[in-house]
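# Structural overview for review
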Amino acid sequence: MAFSRGNFSRQEGAIRQGFRRGTAEIARALRLAPRNNGGELHASTKKSLEKQADRIVREGIQQASDKIRANIESHTRRVIRAQIRTLTGMGIPPPTLKQINELVANASRNAMTRPFPGTDTNNIQRLGAIGARTRKLYQEALEAPKNELRGALDKLRRGAHDPKPGNTRVDGGSSSKAIARINRTEQARAAREAVLSLGAQLGFNFVYWRLSGLHKSYGGREICEKLTAATGPDVRGKLNRLGIDLSSVDLQGLFSLEALPNIPHPNCMCFQEMWHP
C-alpha cells in the first residue's frame, strides 16, 4: 500500500495551519500591547502573553499529536485492507474485524510510545521537545523591544511553521516540519509492524520490501533502493527447507518476518507486502 502525495499535503497543511493560527494570534497581541518608553512590554502584559503563549503551544502540540495518531490509524487500516485483498486472491481466510482493530490500535500506540530505532526517545517525548523549542521562540518574541519586534516575529514564523525542508533529523527544520516528518515516518513504521503481526497470525513467513511511488530515484545507491534489491540473509535457507525451487521465486526485496529491517531513516515511505510460497 503506497503513500499518497495528496494525503501528505492535506495532513501537513493541517499541522501548519494550527501553528499559523498560533503565531498570528500572538503577533496581533504583541503589536497592540502597551509598552514602556523603552519599547518593552509592561510586566503585567508580558505575564498575560506568556500564559497565552503557553496555551497556544500546549494546544498546538496536543492537536498535532491527535492528528498523527489519527493518520497512523487510517494509513495502517488501509495497508491491512490492501493485504487482505492479496489474501483473498490466494484463497486465504482474512482476519476478523476484531483482529484488524487490535492490529491498528497496537501499531498506533507503539508508534507513539516506543523509542525510534537507534534512540531512547519516543514520539511523545519528541513532540514535547518540539513544543519546548517552539515555546522558546515565542518567549524571544515576547522579550523583543518594539523596534526589534518585526524581526522576532519573522523568526517565530520561520521556526514555527516554515514548510521548507530542514535537515533529515526527526526534530530538524521548523516545528511543523519536524512534526510532519514524524507523521510520515510513523505511518510507515506502524504499517510495518501491522504487516509483521498479521503475517505471524496467518502463518506467513516472508514479506517483500517495496518502494513508495513517491520515492525519488538515487540510481540504486540509497538505502531503501538497496533493500528492494537485496535478499534477506535467511531467505534462501528457509526456502530450501520448504522444498521451494529458488529459480521460481523473485528474491529481490524478499525478507523473512524475523529478519525484516527496521524503517531505515526518517521520512521513509516504503511499504511491505506479505508473500507465501
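About the thresholds
Residues numbered from 1 in each chain as written. Predicted model: local features only at pLDDT ≥ 70, side-chain atom pairs only at ≥ 80, totals over all residues. Heavy atoms only, no water. Axes fitted to C-alpha atoms, helices over the stretch in contact; angles between N-to-C directions. Helix = DSSP H or I, 4+ residues; strand = E, 2+ residues; numbered from the N terminus. Parallel < 35°, antiparallel > 145°, perpendicular 65-115°, else oblique. Left-handed = near helix turned anticlockwise from the far one by under 90°. Contact = heavy atoms within 4.5 Å. Nonpolar A, V, L, I, M, F, W, Y, C, P; charged D, E, K, R; others polar. Core = buried A, V, L, I, M, F, W, Y, C linked by side-chain atoms within 4.5 Å. Buried < 20%, exposed > 50% of the residue type's maximum accessible area, 1.4 Å probe, protein only. Disulfide = S-S within 2.5 Å. Pairing = 2+ DSSP bridges. pLDDT = per-residue confidence, 0-100. 1 Å grid on protein atoms, 1.4 Å probe; cavity = no way out; pocket = protein on both sides within 12 Å on 5 of 7 lines; lining within 4 Å. Points joined across faces, edges and corners; volume = space filled by probe spheres on them.

### A word on the packing of helix α2 (residues 43–90) against helix α4 (residues 123–143)
Orientation of α2 relative to α4, taken along the N-to-C sense of each, is 150°, at an axis distance of 10 Å. One finds that α2 runs roughly antiparallel with respect to α4. α2 and α4 meet at a crossing whose hand is right-handed. Contacts between α2 and α4 involve Lys 46, Leu 49, Glu 50, Ala 53, Asp 54, Ile 56, Val 57, Ile 61, Ser 65, Ile 68 and Arg 69 from the first element and Ile 124, Leu 127, Ile 130, Gly 131, Thr 134, Arg 135, Tyr 138, Gln 139, Leu 142 and Glu 143 from the second. Residue composition of the contact of α2 with α4, by class: eleven nonpolar, four polar and six charged.

### Here we look at the nonpolar core
Residues Leu 30, Ile 80, Leu 127, Ile 179 and Trp 209 are the most contacted members of the largest nonpolar core, which totals 59 residues. Mapped by element, the contributors of at least two residues to this core are α1 (5–32), α2, α3 (97–113), α4, α5 (149–161), α6 (175–202), β1 (206–210) and α7 (223–229). Counting residues in each nonpolar core, the second largest holds eight residues, with Phe 206, Val 235, Leu 239 and Leu 254 among its members.

### Examining the state of the cysteines
Throughout the structure, instances matching the rule amount to zero disulfides. The thiol sulfur of Cys 268 is not disulfide-bonded, and the nearest other cysteine sulfur, from Cys 224, lies at 3.8 Å. Under the relative-accessibility criterion, Cys 268 is labelled buried at 0%. Of all cysteine sulfurs in the structure, the one in Cys 224 sits closest to Cys 270, which takes part in no disulfide; the separation is 3.5 Å.

### A word on the environment of Glu 73
Mapped onto the elements of the fold, Glu 73 is located in helix α2. Between the alpha carbons of Glu 73 and Ala 105 there is a distance of 7.1 Å; along the sequence they are 32 residues apart. Setting aside chain neighbours within four positions, we find Glu 73 in contact with Val 104 and Ser 108.

### Some remarks on the pairing of β1
By the criterion of burial, β1 is predominantly enclosed, with four of the five residues buried. Two elements, β1 and strand β2 (residues 254–256), share three bridges in a ladder whose sense is antiparallel. Residue pairing in the sheet places Tyr 208 in a bridge with Leu 254 of β2. By the bridge criterion, five bridges tie β1 to strand β3 (residues 271–275) in an arrangement that is antiparallel. Its bridge partner lying in β3, Tyr 208 is registered against Glu 273.

### Brief notes about the sheet that holds β2
Spatial ordering of the open sheet is given by β2-β1-β3, a layout of three strands whose pairing is antiparallel. In this open sheet, the two strands that pair with only one neighbour each are β2 and β3. When the angles between neighbouring strand axes are averaged without regard to direction, this sheet yields 35°. Each of β1 and β3 touches α6; the most contacted strand, β3, lies at about 10° to it.

### Concerning the environment of Leu 41
With respect to the secondary-structure elements, Leu 41 resides in the loop between α1 and α2. Residue classification places Leu 41 among the buried positions, given a relative accessible area of 10%. With 234 residues separating them in the primary sequence, Leu 41 and Trp 275 have C-alpha atoms 64 Å apart. Residue contacts for Leu 41: discarding those within four places in its chain leaves Leu 30, Ala 33, Pro 34, Arg 35, Lys 46, Leu 49 and Leu 142.

### Brief notes about the confidence of the model for the chain
Predicted confidence across the chain gives a mean pLDDT of 90, with 95% of residues reaching 70 or more. Looking at the elements of the chain, mean pLDDT is at its lowest for α1, recorded as 88, and at its highest for β2, recorded as 97. With pLDDT under 50 throughout, residues 167–171 is counted as low confidence; its partners more than four residues away or in other chains account for 14 contacts.

### With respect to unusual backbone geometry
Positive phi is not limited to glycine here, since Asn 267 has a value of about 75°. With respect to the element layout, Asn 267 can be found in the loop between β2 and β3.

### Focus: empty space enclosed by the protein
What the rule picks out here adds up to two cavities of 30 Å³ or more. Taken as a whole, the largest cavity holds about 60 Å³ of empty space. Surrounding the largest cavity, Ala 14, Ile 15, Gly 18, Phe 19, Gly 60, Gln 63, Ala 64 and Lys 67 form its lining. Looking at the lining of the largest cavity, the elements that each hand over two or more residues are α1 and α2. For the lining of the largest cavity, the per-class residue count stands at four nonpolar, three polar and one charged.

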